[in-house]
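Residue-level structure breakdown
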Amino acid sequence: MQQHSINNRYFATCIPGLSNVLAQELLSLGATNVEPSGTSGVYFSNNVDGDDDDDDDELLSSSNGKHFDIGMKALLWLRTAHRIMQVVSSTATPSTSTTLQEEYDYLETENPWNIIDRDSLYQFIQYTTPVQSLLGDGKGGLLTLSVSTILNGHVPKELCHSHYTSLTVKNALVDLVRDARDDGMRPNVDIDDADVPLVLVLRGIRDKRGQSGCEATLFRALHSGGSLHRRGYRTGAVHKAAMKESLAAGLLLEAGYDKLIKAAKEDGMPAVLVDPMAGSGTFCIEAALIASDFAPGLLRMKLYRNINEGKDSGGSSSGGMRRNPHQVPPIVRWKGSDKARWKQLVLEARDRAEAGMKWMMRGGVTKKSNANDLWKRNCIIIGNEYNPNAASLARGDIASAGFGDCILIHENDCVNWDLSLGKGEPDDSFNSIIVPGRTIVVCNPPWGLRLTEDIEESWLSLKSFLREQCNGTEAWILSGSKDATRFLRMKKSRSVVIQTGDEDLRWIQYHVFQKKSMNMNDTTEKGQRPRSASSTGDGFFS
């Protein structure tokens, strides 16, 4: 039987519709062989110096840790990922298969595994798993493990129960370890913070004879402590319509907010983000994280709250206070992992965050700040929320994230939100917070799922706000209702499909054109606010 190489492949998952954004994040980190898999995941590699030819043991336990470098970077920096895993073994058809016939041919001629029951799954795990590299700690001991199972499609009946399927994988590995060791030791299970959190993914298939079976892929997760979309800044109650942090970050990146920040750092002109219906402030906080170059992994380390009154411990996860799983993630505990490299990456991320906060905070906001103080800023992030309870949640979460001096929350109906600086017209760039061509407006208005009251009134208020206050901007609106979106009476420029739960949403781009022509003869020095717009605002962020 042929053993298929691991090929040093990783897989990151995301909200359906954000895989292209996730792929771009990975490319920016230096990942290779970046390949979206559908709309909710991306495969990638860390191939260095001909790693494709390395064997499975070498890939899982490289002595210099170079194979884990991209995984560590991804764990620190990815904003849209929910889970990051490394492939351990797989029966899946090669990524080069493009037709159903090619998949059939592979299943019949190359793939020796037909996973139809627990016994065949047991045999597959025992035969294909390099257990010494996977569960050995490099010191003669064993790492802890956990196993979870994800079922996709119609899998054979005997494998339909994820709990018992996971037990089959665990038993296969434990038996393999016990048989390989003279001392009879076996790895322990830790369901909360395992050193090696394993994830089995089964995908139901049928061959051309109609026989059912499964493709099986065994992953090991780089992290524990739950989904990576949780940053830790949400305190106490959560707004009933709050969006996931990863969704907010992904939508901002899709809208080009990172490009706006890059341009602001290069030419000294301000970058402006406005959210007229901020809710609990997720868009504003994620925008601040992007603008300040603050790695989400750092925030998880800082804000992790464990079972012992929020106090972290760097010690063992067994008994007493639990270690912070984000500070010492599983990937750092693996055999062959370079712990010094992880520390170096964390220190570099801290330096970048410190520099980013200093850049962002020029002319910083205080509790007494108002709109007239904002125009001096390198980065302007302001939100508005009509509901006082939601506004209070937003301020609490903003403070928890460490951006209380960076983000200003206004409390009123957005139709009454005046973005002028106290004189002139709102579309006069010297007298308005809005900088035409350098401002992006984002909004998640109610459209009938979790918030069902005053939908028409909310959208009409948004329409008035955009037309009266936001000339020369790009507006991006998240909607799950065509009927609600029609209240804007605006022509969309672009639409991106996003799926959350069973809902198909649209992230819709609008260009809000200026009411009067701009005087292009005015000039400014680098770093100074222009007295007239420097761009028409029709596509800078696209």
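Heads up: the structure comes first, above all this text.
Residues numbered from 1 in each chain as written. Predicted model: local features only at pLDDT ≥ 70, side-chain atom pairs only at ≥ 80, totals over all residues. Heavy atoms only, no water.

With mixed pairing, the seven strands of this open sheet are ordered in space as E10-E9-E8-E11-E12-E14-E13. Here the strands that pair on one side only, and so sit at the sheet edges, are strand E10 (407-410) and strand E13 (492-500). The mean angle between the axes of side-by-side strands here comes to 20 degrees, regardless of whether they run parallel or antiparallel. Examined bridge by bridge, strand E9 (residues 379-384) and E10 share four bridges and lie parallel to one another. Its bridge partner being in E10, Asn384 is matched across the sheet by His410. Each of strand E8 (271-275), strand E11 (439-443), strand E12 (473-479) and strand E14 (503-512) touches helix H16 (residues 455-469); the most contacted strand, E12, lies at about 170 degrees to it. (Pairing = 2+ DSSP bridges. Helix = DSSP H or I, 4+ residues; strand = E, 2+ residues; numbered from the N terminus. Axes fitted to C-alpha atoms, helices over the stretch in contact; angles between N-to-C directions. Contact = heavy atoms within 4.5 Å.)

Scanning all chains against the criterion turns up 16 salt bridges. Its salt-bridge partner being Glu245, residue Arg234 comes within 3.4 Å of it at the nearest N-O pair. Here Arg234, found in the loop between strand E7 (212-221) and helix H8 (245-254), pairs with Glu245, found in helix H8; they are 11 residues apart in sequence, far enough to count as distant. A salt bridge links Lys358 to Glu354; the shortest N-O distance between them is 3.7 Å. Highlighted residues: Lys358 and Glu354, both in helix H13 (residues 339-360), separated by four residues, approximately one helical turn. In this structure Glu354 comes out as partly exposed when scored by relative accessible area, which is 45%. (Salt bridge = Lys/Arg side-chain N within 4 Å of Asp/Glu carboxyl O. Buried < 20%, exposed > 50% of the residue type's maximum accessible area, 1.4 Å probe, protein only.)

Here we take up the nonpolar core. Grouped together as the largest cluster of nonpolar side chains are 133 residues, with contacts concentrated most on Ile84, Tyr257, Ile381 and Trp507. Counting eight residues, the second-largest nonpolar core is a separate cluster that includes Tyr43, Val87, Phe219 and Ala221. (Core = buried A, V, L, I, M, F, W, Y, C linked by side-chain atoms within 4.5 Å.)

Right, let's talk about the sheet that holds strand E6 (residues 196-206) for a bit. Strand order across the open sheet formed by seven strands is E2-E3-E1-E4-E7-E6-E5, with mixed pairing between neighbours. Two strands close off the open sheet at either side, each with one partner strand: strand E2 (32-36) and strand E5 (145-152). This sheet shows a mean twist of 30 degrees between the axes of neighbouring strands, independent of strand direction. Alignment of strand E1 (residues 9-14) against strand E3 (residues 41-45), held across five bridges, turns out to be antiparallel. Paired with Phe11 across the two strands is Tyr43, which belongs to E3.

The element helix H10 (residues 282-291) is largely enclosed, with a buried count of 10 among its 10 residues. The complete set of buried residues in H10 reads Thr282, Phe283, Cys284, Ile285, Glu286, Ala287, Ala288, Leu289, Ile290 and Ala291. Directly after H10, the chain includes Asp293, whose backbone phi takes a positive value near 60 degrees.

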